[in-house]
Amino acid sequence: MQAIEKKRFTHIGESAHEREAISSYSLTYMQDAMRRLMRNKVAVVCMFVILILALFSIFAPIFSPFDYREQHYAHTNSAMGTVDTVEGTVGAIHYFGTDKLGRDLFTRIWMGGRVSLTIAIVCAIIDLIIGVIYGGVSGYFGGTTDIVMMRILEIINGIPYLIIVILLMMIMPPGMLTIIVAYSLVGWIPMARLVRGQVVALKRQEFVVAAEALGASPVRIIARHLLPNTLSVVIVRTTLSIPAVIFTEAYLSYLGLGIQLPMCSWGSLAQAGIENFRLYPYQLIIPAICISLTMLAFNLFGDGLRDAFDPRLRR
Amino acid sequence: MVRYTIKRLAYAVLTLFALILLTFFMMRLLPGDPFIGEKTVSQTAMDNMRIKYGLDKPVIVQFFIYFGNCLRGDLGISITYNRPVTEIISSAFLVSADLGSRAILFAVIIGVLLGAVAAVKRGKFADTFSMIIAMIGVSVPSFIMGALLQYFLALQLRKVFGLNWFPIQGWGTLKQTILPAFALGLGSLATVSRLMRTSMLDVLGQDYIRTARAKGLSERRILWRHAMRNSIMPVVTIMGPIVAAVLTGTFVIESIFNIPGLGKYFVTSIKDLDYTMISGTTVFYGGLLIVCTLIVDLLYGFIDPRIKLEG
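Throughout, residues of each chain are indexed from 1 in the direction in which the sequence is written. Think of it this way: whatever chain is written first is A, whatever ligand is written first is 1, and the rest follow in order. Thresholds applied to this predicted model are a pLDDT of at least 70 for local features of residues and 80 or more for the giving and counting of side-chain atom pairs; totals over whole chains, interfaces and linings are not thresholded and use all residues.

Here we take up the overall build of chain A. Helix numbering and strand numbering both begin at the N terminus, where a helix is a DSSP run of H or I of at least 4 residues and a strand a DSSP run of E of at least 2. A tally of helices and strands in chain A yields 12 helices and 2 strands. The order of helices and strands in chain A, counted from the N terminus, is α-α-α-β-β-α-α-α-α-α-α-α-α-α. Here, residue contact means that the backbone-derived C-beta atoms of the two residues sit within 7 Å. Counting contacts in chain A only where the partners sit at least 6 residues apart, residues at least 24 apart contribute 67% of the total.

In structure tokens, the structure reads:
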């Protein structure tokens, strides 16, 4: 056993104030969660991956010498890293090659990224808003309101969502807006259930009773007292719904019900890639990596967030 | 239990009604007309066609006729193929069901084993390995997985090593089912194995496992008899969503591997504006999912008598 050095102990004096002083800063719940998140290496790496994909999607199409829909028949299906010889863009490199119409895939991938990520984020926000309001109202009022609202939810939930999406795609022109509307029609259900469960658990607590006693309106109680307490689960759920939207968009684009040419998304690029991947595998592999990497990063980041907000759930 | 069953049945019927209603009216809102392509046909012939398919009556009447027919198992006659929809569906669905059940079996058996091994060997190589598989399954969509498998395991294996293990596409032989079933099942496998790992870890920490050890039971008996049986319950609860995921996945997997299943009809009928076929496949597919979910929910109570289903 190691001898304990005496000099490690010092007398700090007899001031009662110093003896009882709190030695570290007090952190709010959010600060504490953020600190835990930053310590989670996987989550931080995922955050950077998401950031890099987003930055490329925003800036790559602006700085690229090619336009996403400009066709060069001299350079169809050229390999990755081909140097362009067409007048105007001589010497520029097709980093990811070109597709069957000679469009630069590097530019198209990041244009597709814009579309896919925009759809994902917009859908996640819409789900968040509808789900939180619906779940909050249903959970807080309880009784008949709750029963009716939950029955409606269960019936919508019973119909497979892809059927609703496909039915809607038939009557609206295919495109970004349709995908967003279609997904939002059903995407809010898990969020509403989650928020309702949380609110039901919270509304019997003393701080709600206190607010009611002070005469706060239901809107104020839901918005100011109940919802902020469900924030952590809501944030986690939103993060985890983004990969689900990206998957749905890719799936619909694959079925030909999604983004239409010449616009592109990662899903429609993957679909175009599958058509001739036997000869030009890179045309499938690059969008496949983008889709998978995004889904993976959001999934792992969501797991990290959950661990950070609620360390008891850590497995 | 009885009350719960009745309640669940009532929901299933209500949902089915909502589904048929939705499908019917969405379809009527479609732009275009199923007979619009046949320009040379005279007005009288057109009217006769409309009468034959019942399109001359008011929409509400059409709906109730349609609803009654659905309940009797008659989904109408396909406008494009001029054959009863039920006939087309029943022949095509056999193929889809075959593929789907293979994928589900693969996902559940391998998923449960992987998850259990990962929990027992927590933190070791086997754990990391199975969680990597699970992460791949979660983040690679099935149709991309299918195309990649085709490229690497069918095409390149034959080109580079001369091994003709996996045919690229088609349906009929056992060999041809391996790649599509794998691609289709991988996503669900990931879900099952993650859930199984969590649940197994939870069970392994329980007191009755310690008691079993203290009694001197063999490790194998503890794992198979005590731990596995108790930790498999959460897997049963997600069988409903898994059936749904696999069934929807079949649409794209079938088109990639050129399999003559139901998926093909679903997509082509939308493009052909084949009213009866669209609603037929939708109602069939939706109804199937509703029934599957119902069965899983009810089974849950029978499998685990500890769970008391509340009415």
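This next bit is on the overall build of chain B. In terms of regular secondary structure, chain B is built from 13 helices and 0 strands. When the helices and strands of chain B are listed from N to C terminus, the series reads α-α-α-α-α-α-α-α-α-α-α-α-α. Counting only residues that meet the buried cut, chain B has 37% of its 311 residues in that class. A sequence separation of at least 24 residues applies to 75% of the contacts in chain B between residues at least 6 apart. Residue burial here comes from a neighbour count, namely the number of other C-beta atoms, placed from the backbone, that lie within 10 Å of the residue's own C-beta, with 20 or more meaning buried, 12 or fewer meaning exposed, and in between meaning partly exposed.

For an interface, size is often stated in terms of accessible area lost upon the parts coming together. Across the boundary between the two partners, chain A contributes 28 residues, which contact 35 residues of chain B. Elements represented by at least two residues in the side of chain A that touches chain B include exactly helix H5 (143–158), helix H6 (161–171), helix H10 (218–254), helix H11 (266–275) and helix H12 (282–309) of chain A. Grouping the amino acids of the side of chain A that touches chain B by side-chain chemistry returns 22 nonpolar, 3 polar and 3 charged. Three classes are used: nonpolar for Ala, Val, Leu, Ile, Met, Phe, Trp, Tyr, Cys and Pro, charged for Asp, Glu, Lys and Arg, and polar for all others, with Gly counted as polar.

This part covers the nonpolar core. Counting residues in hydrophobic clusters, the biggest one holds 133 residues, and the most contacted among them are Ala270(A) and Ile291(A). If near-sequence neighbours (up to four positions away) are discounted, Ala270(A) is found in contact with Ala250(A), Tyr254(A), Leu284(A), Pro287(A), Ala288(A), Ile291(A) and Ile144(B). Defined on buried residues, the nonpolar core groups Ala, Val, Leu, Ile, Met, Phe, Trp, Tyr and Cys residues joined through C-beta atoms within 7 Å. Ala192(A), Val195(A), Val199(A) and Ile222(A) belong to the second-largest nonpolar core, a separate cluster that totals 11 residues.

Residue and element names in this part refer to chain B. Axes here mean lines fitted to C-alpha atoms, for a helix over just the part in contact, with angles spanning 0 to 180 degrees between N-to-C directions. For the pair helix H6 (residues 142–161) and helix H11 (residues 239–256), interaxial distance at closest approach is 9 Å and the crossing angle is 25°. Between H6 and H11, the angle falls in the class roughly parallel. In terms of crossing hand, the pair formed by H6 and H11 is right-handed. Of the residues in H11, those in contact with Ser142, Phe143, Gly146, Ala147 and Gln150 of H6 are Gly249, Val252, Ile253 and Ile256. Its residues assigned to classes, the contact of H6 with H11 comprises 5 nonpolar, 4 polar and no charged. When an angle is under 35 degrees it counts as roughly parallel; over 145 it counts as roughly antiparallel; between 65 and 115 it counts as roughly perpendicular; any other value is oblique. Note on convention: near helix rotated counterclockwise from far helix by under a right angle means a left-handed crossing. Clockwise means right-handed.

Turning our eyes to something else, we now look at the packing of H11(A) against H12(A). All names here are of chain A. It is at 8 Å that the axes of H11 and H12 come closest, and there the two elements cross at 150°. In terms of their interaxial angle, H11 and H12 are classed as roughly antiparallel. As H11 packs across H12, the resulting crossing turns out to be left-handed. Contacts between H11 and H12 involve Trp266, Leu269, Ala270, Ala272, Gly273 and Ile274 on the former and, on the latter, Gln283, Leu284, Pro287, Ala288, Cys290 and Ile291. Here the residues of the contact of H11 with H12 sort into 10 nonpolar, 2 polar and no charged.

In this section: the confidence of the model for chain B. Averaged over chain B, the pLDDT score is 78; the fraction of residues at 70 or greater is 87%. Across the interface, the model reports ipTM at 0.73; the global pTM reads 0.78. Summary of the metric used: pLDDT quantifies the predictor's per-residue confidence within the range 0 to 100.

Residues and elements named next belong to chain B. Structurally, Thr80 can be placed in the loop between helix H3 (59–71) and helix H4 (85–120). Residues Thr80 and Gly263 lie 183 residues apart in sequence; the distance between their C-alpha atoms is 16 Å. Discounting chain neighbours no more than four positions away, the residues touching Thr80 are Asp272, Asp274 and Met277.

This next bit is on H6(B). To get the bend at a residue, fit one axis to the 7 residues ending there and another to the 7 starting there, then take the angle between the axes. By the largest-angle criterion, Leu155(B) marks the main kink of H6(B), which is about 35°. Looking at H6(B), one finds that the buried residues are Ser142(B), Phe143(B), Ile144(B), Met145(B), Gly146(B), Ala147(B), Leu149(B), Gln150(B) and Ala154(B).

This part covers helix H9 (residues 219–231) of chain B. Residue and element names in this part refer to chain B. Along H9, the residues that are buried comprise Leu223, Ala227 and Ser231. Mapping the buried residues of H9 onto a view down its axis gives an arc of 45°, with all of them on the same face. Among the exposed residues of H9, those pointing more than 90 degrees away from its buried face are Arg221, Trp224 and Arg229. Contact partners of the buried residues in H9: H4, helix H7 (174–204) and helix H8 (207–214). Of all possible arcs, the one meant is that of the directions from the helix axis to the C-beta atoms.

Turning to the confidence of the model for chain A, a few remarks are in order. Looking at chain A as a whole, its pLDDT mean stands at 80, while 85% of the residues score no less than 70. Of all helices and strands in chain A, the one with the weakest mean pLDDT is helix H1 (residues 16–19) of chain A (68), whereas helix H4 (residues 105–141) of chain A scores best (88).

All names here are of chain B. Following the sequence through the fold, Pro260 ends up in the loop between H11 and helix H12 (262–272). With 16 C-beta atoms counted inside 10 Å, the residue Pro260 sits in the partly exposed group. Residues Pro260 and Lys124, spaced 136 residues apart in sequence, show a C-alpha to C-alpha distance of 43 Å. Every residue in contact with Pro260, bar those within four places of it in the chain, is listed here: Ala92, Val95 and Trp171.

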